[in-house]
Amino acid sequence: MDQAFTDEMKAALLKEQMELTGELGAISHKDVGDHVPGSRDANFPNFGDDNLGENTESPAEVAEYEVNVNVTGRLEQRQVEITDALKRIEQGIYGTCLKCGGPVGEDRLRANSAASACINCAKSHV
Ligand SMILES: [Zn+2]
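The shown structure was predicted, so the numbers you read here are calculated from the model rather than taken from an experiment.

A.B. asks: Give me the UniProt feature "zinc finger region: dksA C4-type" (unreviewed entry) in the protein chain: which residues, what numbers.
C.D. replies: Sequence positions flagged by UniProt for "zinc finger region: dksA C4-type" (unreviewed entry) are, in local numbering, residues 97-121. In this annotation, residues 97-121 is assigned 36% helix and 0% strand; the end-to-end C-alpha distance for the span is 8 Å.

Have a look at this one:
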C-alpha cells in the first residue's frame, strides 16, 4: 500500500475518531458500573418539561434516551472499527483484506477508511 495513501487514510481515521469522541461525549458518559470496562452509558435527558417532580421520566425523555442508547451503541461500534484500522496501519497490514489477504482497494477505503475486508469477502460474509 502506497505510503501517501496510508497517511491520508490515517489522518481521516484520526479525524473521525476525534469527531466520534465528541459525539459520544455529548450523548453519553463513561459507564462506572460493573459493565465492560471503558463502555459508555447513554445519558438520560432531562427536558425539565415534566412538572411531576424532578425525578420523573417523561415519555419524551424516555424516547430520547432510547435514541441515545442506539446512537451510542452505533458510535462505539464505529470507534472499535477505527481503532482496529489504526492498529492495522501500525502493523503495516492496513488495506489488506483480513479474510483473503488480497487488497481491500483504495476506492473502498476512501468510502470507508476502516474497511477490513475486500468487496468480495464483505459480500460473501452477509
Ligand atoms: Zn477478501
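A.B. asks: Which residues make up the coordination of the zinc ion, and what are the values?
C.D. replies: At this site the zinc ion is bound by Cys 97 (SG), Cys 100 (SG), Cys 118 (SG) and Cys 121 (SG), with donor distances of 2.2 to 2.3 Å. Around the zinc ion sit four donor atoms; with metal-centred angles ranging over 105 to 116°, the donor geometry is tetrahedral.

A.B. asks: How would you sum up the pattern of salt bridges? Please name residues and give values.
C.D. replies: Per the counting criterion, the structure on display carries seven salt bridges. It is possible to trace a salt-bridge network through shared partners that takes in Glu 8, Glu 106 and Arg 110.

A.B. asks: Which residues make up the packing of helix α1 (residues 3-27) against helix α2 (residues 59-91), and what values do they have?
C.D. replies: Interaxial distance between α1 and α2 falls to 9 Å at its minimum, and their mutual angle equals 155°. Taken as axis vectors, α1 and α2 run roughly antiparallel relative to one another. The crossing of α1 and α2 is left-handed. Residues of the contact of α1 with α2, tallied by class, amount to 11 nonpolar, seven polar and six charged.

A.B. asks: Just give me the short version of the packing of aromatic side chains, but keep the residues and values in it.
C.D. replies: Per the stated rule, a full pass over the model turns up one aromatic pair. When the centroid spacing of 5.1 Å and the interplanar angle of 40° are considered together, the rings of Phe 44 and Tyr 65 count as tilted. Here the residue Phe 44 occupies a position in the loop between β2 (40-42) and α2, and Tyr 65 occupies one in helix α2, the gap between them amounting to 21 residues. Tyr 65 sits in the partly exposed class, given a relative accessible area of 26%.

A.B. asks: Let's hear about α2: which residues, and what values?
C.D. replies: Over its 33 residues, α2 runs 48 Å from end to end, which matches the ideal 48 Å to within 8%, given 1.5 Å per residue. Within α2, the full set of buried residues consists of Glu 61, Asn 68, Thr 72, Leu 75, Arg 78, Ile 82, Ala 85, Leu 86, Arg 88 and Ile 89. Check the buried side of α2 and you find it contacts α1, β1 (28-30) and β2.

A.B. asks: Explain the environment of Glu 64 to me, using residue names and the numbers behind them.
C.D. replies: Checked against the element boundaries, Glu 64 lands in helix α2. Separated by 19 residues in the primary sequence, Glu 64 and Pro 45 place their C-alpha atoms 6.9 Å from one another. When residues no more than four places from it in sequence are discounted, the contact partners of Glu 64 are Pro 45 and Phe 47.

Rules used in this analysis
- Chains are numbered independently. Their residues run from 1 in the order of the written sequence.
- With pLDDT at 70 or above as the cut-off, local features in this predicted model cover only qualifying residues; side-chain atom pairs require 80 or more to be listed or tallied, and sums for whole chains, interfaces and linings still use all residues.
- The basis for the side-chain values is all heavy atoms of the structure; hydrogens and waters are excluded.
- UniProt positions are given in the numbering used here, feature names are shortened, and annotations may be inferred rather than shown by experiment.
- Only DSSP runs of H or I reaching four residues or more are called helices, and only runs of E reaching two or more are called strands; each is numbered from the N terminus.
- Distances up to 2.8 Å from the metal define which N, O and S atoms are donors, and 3.2 Å serves for Na, K and Ca; water is absent from the atom set, so sites may look incomplete.
- Under the classification used here, a metal with four donors is tetrahedral if each angle lies between 85 and 135 degrees, square planar if opposite donors are over 155 degrees apart and the others between 65 and 115, a six-donor metal meeting that same test is octahedral, and anything else is irregular.
- A side-chain nitrogen of Lys or Arg and a carboxyl oxygen of Asp or Glu constitute a salt bridge if their distance falls within 4 Å.
- Axes, fitted as lines to C-alpha atoms, cover a helix only where it is in contact. Angles between the N-to-C directions of the axes lie from 0 to 180 degrees.
- Between 65 and 115 degrees an angle is taken as roughly perpendicular, under 35 as roughly parallel, over 145 as roughly antiparallel, and anywhere else as oblique.
- Two helices that cross are described as forming a left-handed crossing if the nearer one is turned anticlockwise from the farther one by less than a right angle, and a right-handed crossing if clockwise.
- The residue classification treats Ala, Val, Leu, Ile, Met, Phe, Trp, Tyr, Cys and Pro as nonpolar and Asp, Glu, Lys and Arg as charged. All others, Gly included, are polar.
- Two aromatic rings from Phe, Tyr or Trp, using only the six-membered ring of Trp, form a pair when their centres are within 6.5 Å; if the ring planes differ by under 30 degrees the pair is stacked, by over 60 it is edge-to-face, and anything between is tilted.
- We call a residue buried when its accessible area falls under 20% of the maximum for its residue type, exposed when it is over 50%, and partly exposed in between, using a 1.4 Å probe and counting protein chains only.
- Expected span, for any helix, means 1.5 Å times one less than how many residues it has.
- A contact between two residues is defined here by any heavy atoms of the two lying within 4.5 Å.

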